[in-house]
Amino acid sequence: MAKIKKRGESGAAKNYITRNQALKKLQISLSDFRRLCILKGIYPREPLNKKRANKGSSAPASFYYHKDVQYLLHEPLLVKFREHKAFAKKLARALGRGEWALAKNLEDAKPIARLDHLVKERYPTFTLALQDLQDPLNLVHLFSTLPTNPIPGKTLVPSEVIQECSRLISEWKVWAIKTHSLRKVFLGIKGVYYECTVPGHGGEPIRVRWLEGYEFQQHVPHDVDFRILLTFVELYRTLISFVLYRLYTEENLVYPRLWTRSWTSGKGVSKKEVKRAIKGIAAGVSVSAQDEDDDVEMDGETAEVAEEDFVERPSKNEAELSRRHRRTEQGRFDLPPVRALHLLPLRETSSRTWEFVIRAMGGRVVTAAQAPTLEGPVADGITHVIIDRPMTAERMREMQKGRKWVWIQPQWVADCVNRGKVLDAEEYAPGKLLPPHLSPWDGEGELERPWLDEINESGAALTDAAGEGEDEEEGIEQDEQEDSEEEEEDEEAAEENTPEYPPALLAAGVSHAAFRSQLKEATKANAPQAKTSKSAAGKTAAAAAASGDDADLRKIMMSNKKAKLYEKMKYSNRERAEEKEKLEAKRKAIEKRKAKEARQAGKA
């Protein structure tokens, strides 16, 4: 005898599980479950039949795969969540009893959840991590621009998270400057879009694109759930740290950098670093020492590091060093001819954006801290001045002091990066109308739609046909004008050569010249009617073709059921039209027969 199937033990009811059932199975809170799903990459599913998946109930619910929830049962983070829950209870009890020493000991032994195993699990290869690096960079950039002075009870983002995001972005930009991997820049409405070429697994170049907002004051909204965003930021910070460690190691550099480790740990701070920090606080900018070949210096918010901050990792043998050198050279790309340019961005330009772009392309930036009075050898080496506001020619000559500076607008730098060469600066002079700044990724990533190409071809054919019809009409008009001019010339010659007409024509009361003029006017009057009839026929044909294309498009977007109904409607409309034509033909035949009979009766 076959085994009787019970309801709810197979099919959708077994494959799916509701969120409440998952919470009971995992024995965690809703916030911990939401955080765990974000970190593990598990999201709700939509079953084909919700009623069957919910075992006959029609109540609204969120569904997950049963196998995904079973997979979460063995997650090590669950143990950390339970430890943190027990720690919170102990800390609250100690604070309630006033046991401050115990509370301090508990705070020092607070359980910390690490996400290293999740990064290795979700990104098995380095190429996969680079391909998914766009969202992490965007979100970390966003958090790095938030205000660092939190308001108690209002700002939900800790200042430590903001500082950590700023540090990661600084290290990412420092690597891009060191390797000269920046390839494209676009100034959009939301901010500045960058694209770097990063060598992936086996030296394969991977394009990484990210968005950086403009330097405006950021207001923290109150209707945003920062708990969810902070969960994403926690995972993304770990991912970016892994990627930066790999990139810095391939460049034979130490990561994290020595000055970062010394400031965070509070040990081993040298006098040079203290002087640099004091100078940065006084000037508002982190001014770092320059190297003769390539200096790396940026403002206090981003990455301001000189070549001396890059500490090479010592290698044990020469074979390993040569192997790393070959791998590094494979990831490098040819630089555009920008290395010899020294640019001075004035104070109205965005120093964070343009210093990064210029240095990433191999150029050098002269800041106001280096040349406060625009005098000396530093000012003499300036080749271009970036200006973003109107300035009189007298003021420009006063600042130049006889030097040959090229005054440009900031868009010149972005267009040079996108074109891969130094462009002519005449079109980008101050006060001139700039050329259009188009996206370098225009049309990239669009889906292939072959039917749109067919429609475009048909539309082009229609326009060509209409153009040919117009050309024919213009040719007819030109021929008519030439004929009329020839006729006029013939008339004048005839009037000169034949002084008198035959007496029979004069007896009729109409001269030959008057007869020719009347004939010419009648011909011109009939020509527009013929032209309008031709143009009307062409327009009707074009309208019919366009309506046919629209009908085909509508049919493509319909479902099978609606398409069949549409075909039935078209068939019935055709039947009615044919029946109407038959009746009209019969009516005309009857009317013609009756008229003929009436004429015959009248003659009789």
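See the structure shown above.
Bear in mind that the values here come from a model prediction, so they are computed numbers and not experimental data.

(A) Expanded view of the overall build of the chain. If you tally the helices and strands in the chain, you get 23 helices and 9 strands. The long-range share in the chain, meaning contacts at least 24 apart out of those at least 6 apart in sequence, stands at 64%. Split by element, the accessible area of the chain, about 39100 Å² in all, is 54% carbon and sulfur.

(B) Fine view of the environment of glutamate 355. Locating glutamate 355 in the fold gives a position in helix H16 (residues 351-360). The exposure class of glutamate 355 is buried, given its relative accessible area of 7%. Each C-alpha atom, one on glutamate 355 and one on isoleucine 177, is 10.0 Å from the other, the two residues being 178 residues apart in sequence.

(C) The arrangement of the pairing of strand E5 (residues 205-213) in detail. Only one face of E5 is covered, namely the face carrying Ile206, Val208, Trp210 and Glu212; the face carrying Pro205, Arg207, Arg209, Leu211 and Gly213 is uncovered. With 9 bridges joining them, strand E4 (residues 191-199) and E5 adopt antiparallel strand pairing. The residue of E5 that forms the bridge with proline 199 is proline 205. Counting the residues that bridge the hairpin from E4 to E5 gives 5 residues, and of these glycine 202 lies at a positive phi of roughly 80°.

(D) Region of the structure containing the pattern of salt bridges. As enumerated under the stated definition, the model contains 17 salt bridges in all. Glutamate 121 is the salt-bridge partner of lysine 40, the closest N and O atoms lying 2.8 Å from each other. With a gap of 81 residues between them, lysine 40 in helix H3 (residues 30-40) and glutamate 121 in helix H8 (residues 116-122) connect regions that are remote in the sequence. Using a relative accessible area of 8% as the deciding quantity, one classes lysine 40 as buried. Where arginine 246 meets glutamate 250, a salt bridge forms, and the shortest distance between an N and an O atom there is 2.9 Å. Of this pair, arginine 246 and glutamate 250 both sit in helix H12 (residues 226-250), separated by 4 residues, roughly a single helical turn. Its relative accessible area of 30% is what places arginine 246 among the partly exposed residues. Given the relative accessible area of 9%, glutamate 250 is considered buried. Among the charged side chains, a salt-bridge network with shared partners connects Lys40, Glu75 and Glu121.

(E) Looking closely at the nonpolar core. Judged by nonpolar contacts, the single largest core of 80 residues is most densely connected at Phe33, Leu133, Trp172, Leu182, Phe356, Val357 and Trp412. Apart from residues no more than four positions distant in its own chain, phenylalanine 33 is found in contact with Arg19, Ala22, Leu23, Leu26, Ile28, Tyr64 and Leu72. Counting residues in each nonpolar core, the second largest holds 12 residues, with Leu344, Val366, Ala379 and Ile382 among its members.

(F) Helix H19 (residues 411-419), seen in detail. With 7 of 9 residues buried, H19 is to be regarded as a mostly interior element. After H19 finishes, the residue glycine 420 shows a positive phi value of roughly 75°.

(G) Summary view of the packing of helix H11 (residues 159-179) against H16. Contact geometry for H11 and H16: axes closest at 7 Å, N-to-C directions at 35°. Facing H11, whose interface residues are Lys173, Ala176 and Ile177, H16 presents Arg352, Phe356, Arg359 and Ala360. Of the residues belonging to the contact of H11 with H16, the class tally is 4 nonpolar, no polar and 3 charged.

(H) Local environment of a negative patch on the surface. Residues Glu575, Glu578, Glu579 and Glu581 make up a contiguous surface patch of negative charge. If you trace the backbone, glutamate 581 turns up in helix H23 (residues 560-603).

(I) Just the packing of aromatic side chains, in detail. Across all of its chains, the model carries 12 aromatic pairs by this definition. Aromatic pair phenylalanine 186 and tyrosine 193: ring centres 6.1 Å apart, planes at 35°, arrangement tilted. The class of tyrosine 193 is partly exposed, set by a relative accessible area of 23%. For the ring pair phenylalanine 232 and tyrosine 236, a centre distance of 6.0 Å and an interplane angle of 40° mean the geometry is tilted. Taken as a pair, phenylalanine 232 and tyrosine 236 lie in helix H12 at a separation of 4 residues, close to a single helical turn. On the basis of relative accessible area, tyrosine 236 is assigned to the buried category, the value being 13%. The structure contains a cluster of three or more aromatic residues connected by ring pairs, namely Trp172, Trp175, Tyr194, Trp210 and Phe356.

(J) Just the sheet that holds strand E3 (residues 182-187), in detail. Taking strand neighbours across the sheet as the criterion, the 3 strands line up as E3-E4-E5 in an open arrangement whose pairing is antiparallel. Pairing within the sheet leaves two strands with one partner each, and these edge strands are E3 and E5. Sheet twist, expressed as the average angle between the axes of neighbouring strands with direction ignored, equals 20°. Strands in contact with H16 are E3, E4 and E5; relative to E3, the strand with the most contacts, it is inclined by about 155°.

Cut-offs and rules
- Residues numbered from 1 in each chain as written.
- Predicted model: local features only at pLDDT ≥ 70, side-chain atom pairs only at ≥ 80, totals over all residues.
- Heavy atoms only, no water.
- Helix = DSSP H or I, 4+ residues; strand = E, 2+ residues; numbered from the N terminus.
- Contact = heavy atoms within 4.5 Å.
- Areas by Shrake-Rupley, 256 points an atom, 1.4 Å probe, with all protein chains shown as cover.
- Buried < 20%, exposed > 50% of the residue type's maximum accessible area, 1.4 Å probe, protein only.
- Pairing = 2+ DSSP bridges.
- Salt bridge = Lys/Arg side-chain N within 4 Å of Asp/Glu carboxyl O.
- Core = buried A, V, L, I, M, F, W, Y, C linked by side-chain atoms within 4.5 Å.
- Axes fitted to C-alpha atoms, helices over the stretch in contact; angles between N-to-C directions.
- Nonpolar A, V, L, I, M, F, W, Y, C, P; charged D, E, K, R; others polar.
- Patch = residues over 30% accessible without salt bridge, like charges linked within 9 Å, V, L, I, M, F, W, Y side chains within 5 Å.
- Lys, Arg positive; Asp, Glu negative; His and termini not counted.
- Charge placed at Lys NZ, Arg CZ, Asp CG, Glu CD.
- Phe/Tyr/Trp six-rings, centres within 6.5 Å; stacked < 30°, edge-to-face > 60°.

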